[in-house]
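Chain by chain, the residues run as shown.
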Amino acid sequence: MNRIEDLRRVTDNTLHGLIADDSLKFRILQKVSSEQEPRRRFTFRTVTALCGALAALAVMVLALNTLQPVRPGGPGEINVFAAGGTGSENASLFRDGFDPGSVVSVELEGSSAVTDAEKCASLAAVLSGTAENADSGESSGQERLVLKLSDGTEFIFTAADPYLFDGDGQCWYCPEFFSSIKE
Amino acid sequence: MTFPAGSADRPSCSLSFDELYQNYATDVLRVAYYYLGNRELAEDVTQDVFVKLLTNCPSLEAGREKAWLLKVALNRCRDLWRSSWIKKVVLGHPGFECFPAPDMIGSLADQQTLSEAVNRLKPEFKEVVLLFYYQGFSVAEIADMLGIAEGTVSSRLSRAREKLQKELKGDEDQ
């Protein structure tokens, strides 16, 4: 009688013909090959998609950084500024300040237009120095105040003496400016 | 057909795929056959084990390659055994067929009885018997491979021996 301790020898005899041959090895390599092909395709597609997304993102960032602000078309319209950019045209006049000396014309439509450099600088200095933020004010005025800078930038406000309304929808109280421009 | 470049050297161990297959594939195949009693399924298990070896590239310690291969094989066998479809449809009446060498046919009755008795053991006993008596692993190694306590391995071996003795004695009496 065979004992369990003889299992190795017994198995070698009873399962002598059960061996892992070359056909099984071929099946294994074939399966590995077939599994790796879709994986390679998937990797290629994923990398391509990621590169595409990154390129699109780069184009968007580039575009946003070169956009110019959209100018208001008429009285009462607010200034719309695109994101990004480095020019002063992207800033609100009162929020970021500006150089009064760079103003080349100040025109209160229907009332007066000033193009004298000295007078323009003086008016701009009054505007930036005395205007106070106001909580309320009537925005029903039909006049436009247009400030042109030497670089071509324009700042447009809706005017209703003694208030100005800027592109951000802010209301500014500046009676000194209106007095000065009407002198 | 062309195979993936370098496929024969994929496993991160000192042996190449060819050497691992040459040395251990038959052991994996026979253990799976003992477990499942079905040659086609045993070949499928062997295929799965070596495909996993090539695709996952596990870090195999030198001298532990066979343990890894058999551990993966037994896990796969266990999964198949638990599948009700496999149990009911494929292995409903497993008949343990022997594959003797031509010159041994007719002189294997006793040995075939032992192999059949091992095949009839419950999976938890069959695993430890195959690893201990057929593959020559120690109790500690088997405990590590199967993730069970050494005491459990010893206890299962002891109970498996008793069952085998009863079975073999019963066959002898008949």
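Thresholds applied
Residues numbered from 1 in each chain as written. Chains lettered and ligands numbered in written order. Predicted model: local features only at pLDDT ≥ 70, side-chain atom pairs only at ≥ 80, totals over all residues. Heavy atoms only, no water. Helix = DSSP H or I, 4+ residues; strand = E, 2+ residues; numbered from the N terminus. Buried < 20%, exposed > 50% of the residue type's maximum accessible area, 1.4 Å probe, protein only. Contact = heavy atoms within 4.5 Å. Areas by Shrake-Rupley, 256 points an atom, 1.4 Å probe, with all protein chains shown as cover. Buried area = accessible area lost by both parts, 1.4 Å probe. Polar contact = N/O pair within 3.5 Å; in protein donor to acceptor, adjacent residues only side chain to side chain. Nonpolar A, V, L, I, M, F, W, Y, C, P; charged D, E, K, R; others polar. pLDDT = per-residue confidence, 0-100.

Peer 1: Please give an account of the overall build of chain B that cites residues and values.
Peer 2: Across its full length, chain B holds 8 helices and 0 strands. Ordered by position from N to C terminus, the α and β elements of chain B give α-α-α-α-α-α-α-α. Considering chain B as a whole, with its 174 residues, one finds that 49% of them fall into the buried category. Of the contacts made within chain B by residues no fewer than 6 positions apart, 63% connect residues no fewer than 24 positions apart. Total accessible area on chain B is roughly 8400 Å²; 46% of this is exposed by carbon and sulfur atoms.

Peer 1: Requested: an account of the overall build of chain A, with residues and values cited.
Peer 2: A count of helices and strands for chain A gives 5 helices and 7 strands. Along chain A, helices and strands appear, N-terminal first, in the series α-α-α-β-β-α-β-β-β-β-β-α. Per-residue burial for chain A yields a buried fraction of 37% across its 183 residues. Considering only contacts in chain A between residues 6 or more positions apart, those separated by 24 or more positions represent 53%. When the accessible surface of chain A is summed, it comes to about 10400 Å², and 55% of that surface belongs to carbon and sulfur atoms.

Peer 1: Can you lay out the interface of chain B and chain A for me, pointing to particular residues and giving the numbers?
Peer 2: On the side of chain A, 33 residues touch chain B, which itself brings 49 residues to the contact. Summed over both partners, the interface of chain B with chain A buries about 3900 Å², with 64% contributed by carbon and sulfur atoms. Its largest share of buried area at the contact with chain A, chain B owes to B:Y21, B:R30 and B:Q47, together 17% of the area lost on that side. There are 19 residue pairs in polar contact (both at pLDDT 80 or more) connecting chain B and chain A. Its residues placed into classes, the side of chain B that touches chain A shows 27 nonpolar, 10 polar and 12 charged.

Peer 1: Outline the confidence of the model for chain B, supporting the account with residue identities and numerical values.
Peer 2: Model confidence for chain B is summarised by a mean pLDDT of 84, while 81% of its residues fall at 70 or above. With pLDDT under 50 throughout, residues 1-9 of chain B is counted as low confidence; its partners more than four residues away or in other chains account for 18 contacts.

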